[in-house]
Amino acid sequence: QQQVKQSPQSLIVQKGGISIINCAYENTAFDYFPWYQQFPGKGPALLIAIRPDVSEKKEGRFTISFNKSAKQFSLHIMDSQPGDSATYFCAPGGSYNTDKLIFGTGTRLQVFP
Amino acid sequence: DTGVSQDPRHKITKRGQNVTFRCDPISEHNRLYWYRQTLGQGPEFLTYFQNEAQLEKSRLLSDRFSAERPKGSFSTLEIQRTEQGDSAMYLCASSGDLTRTDTQYFGPGTRLTVL
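None of the values given here were measured: they were computed from a predicted structure. (Residues numbered from 1 in each chain as written. Chains lettered and ligands numbered in written order. Predicted model: local features only at pLDDT ≥ 70, side-chain atom pairs only at ≥ 80, totals over all residues. Heavy atoms only, no water.)

> Teacher, can you tell me more about the sheet that holds strand β3 (residues 19–25) of chain A here?
Each strand in a sheet pairs with another by means of backbone hydrogen bonds, the pair being arranged parallel or else antiparallel. All names here are of chain A. Strands sit in the order β1-β3-β8-β7-β6 across an open sheet of five strands; the sheet is antiparallel. The sheet is open, and its two borders are formed by β1 (4–7) and β6 (56–59), each paired with just one other strand. With direction set aside, neighbouring strand axes in the sheet form an average angle of 15 degrees. Here four bridges tie β6 to strand β7 (residues 62–67), and the two strands are oriented antiparallel to one another. Residue pairing in the sheet places glutamate 56 in a bridge with serine 65 of β7. (Pairing = 2+ DSSP bridges. Helix = DSSP H or I, 4+ residues; strand = E, 2+ residues; numbered from the N terminus. Axes fitted to C-alpha atoms, helices over the stretch in contact; angles between N-to-C directions.)

> How should I be thinking about the pairing of strand β5 (residues 44–50) of chain B in this particular structure?
Taken residue by residue, a regular strand's side chains alternate between the two faces of the sheet. Residue and element names in this part refer to chain B. Burial analysis of β5 places five of its seven residues in the buried class, which makes it a mostly covered element. Summarising the sheet, strand β4 (residues 31–37) and β5 pair through six bridges and their orientation is antiparallel. Across the sheet, the residue bridging to arginine 36 is glutamate 44, located in β5. In textbook terms, the turn of a hairpin is the stretch between consecutive antiparallel strands, and for β4 and β5 this stretch comprises six residues, one of which, glycine 40, has a positive phi near 80 degrees. Pairing analysis gives four bridges linking β5 to strand β6 (residues 53–57), with the strands arranged antiparallel. Each residue of the ladder has a partner; that of glutamine 50, found in β6, is alanine 53. What sits between the antiparallel neighbours β5 and β6 is a turn of two residues, in which asparagine 51 has the positive phi angle 55 degrees. (Buried < 20%, exposed > 50% of the residue type's maximum accessible area, 1.4 Å probe, protein only.)

Written out as structure tokens, the structure is:
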């Protein structure tokens, strides 16, 4: 019920390209779907998050697409830049009164100039 | 800087020793979380406080681990009789401000190495 599967494990993209990372979950009680970005030696930082009442959310170059029936959500990074090179985690969780985030295993993104 | 802070940033200890980590959350955040992250993995939930009450503990949190949050402000995580398997990054996060109650803001972590 708590399992979160993330793919791919690693991704190499040329500068200006589109990076796509996918996340599949099992727990239908999840109602908060964030993506976190982590640089080496740093803690994770929230990149973008979505609630299940919408199917897509865009913030700048970052877009989340959410498919409730398939229990999947994805992160799209448009016009990928070398500064986007980091590890990305999906981390679905509960809402206000609950609790923990369940992190995926991460996707290491490398953007080459 | 008003973010989450953790101390120390790095800790090297010998097997069997006790260690204690401190986390200072963002001011006025009422929820505080501890996670553990091993190399190449995502963070795993350990425990969670709302104010001073510890509301949930993971099965990962063995009897050797104890966490406190006296007065609902900073928190400490103690590991007794450390084992080599305890080597990891220990992350603290806080949430609960009035505008974005679900966003968890993470600190830089404490990297523990048990020799």
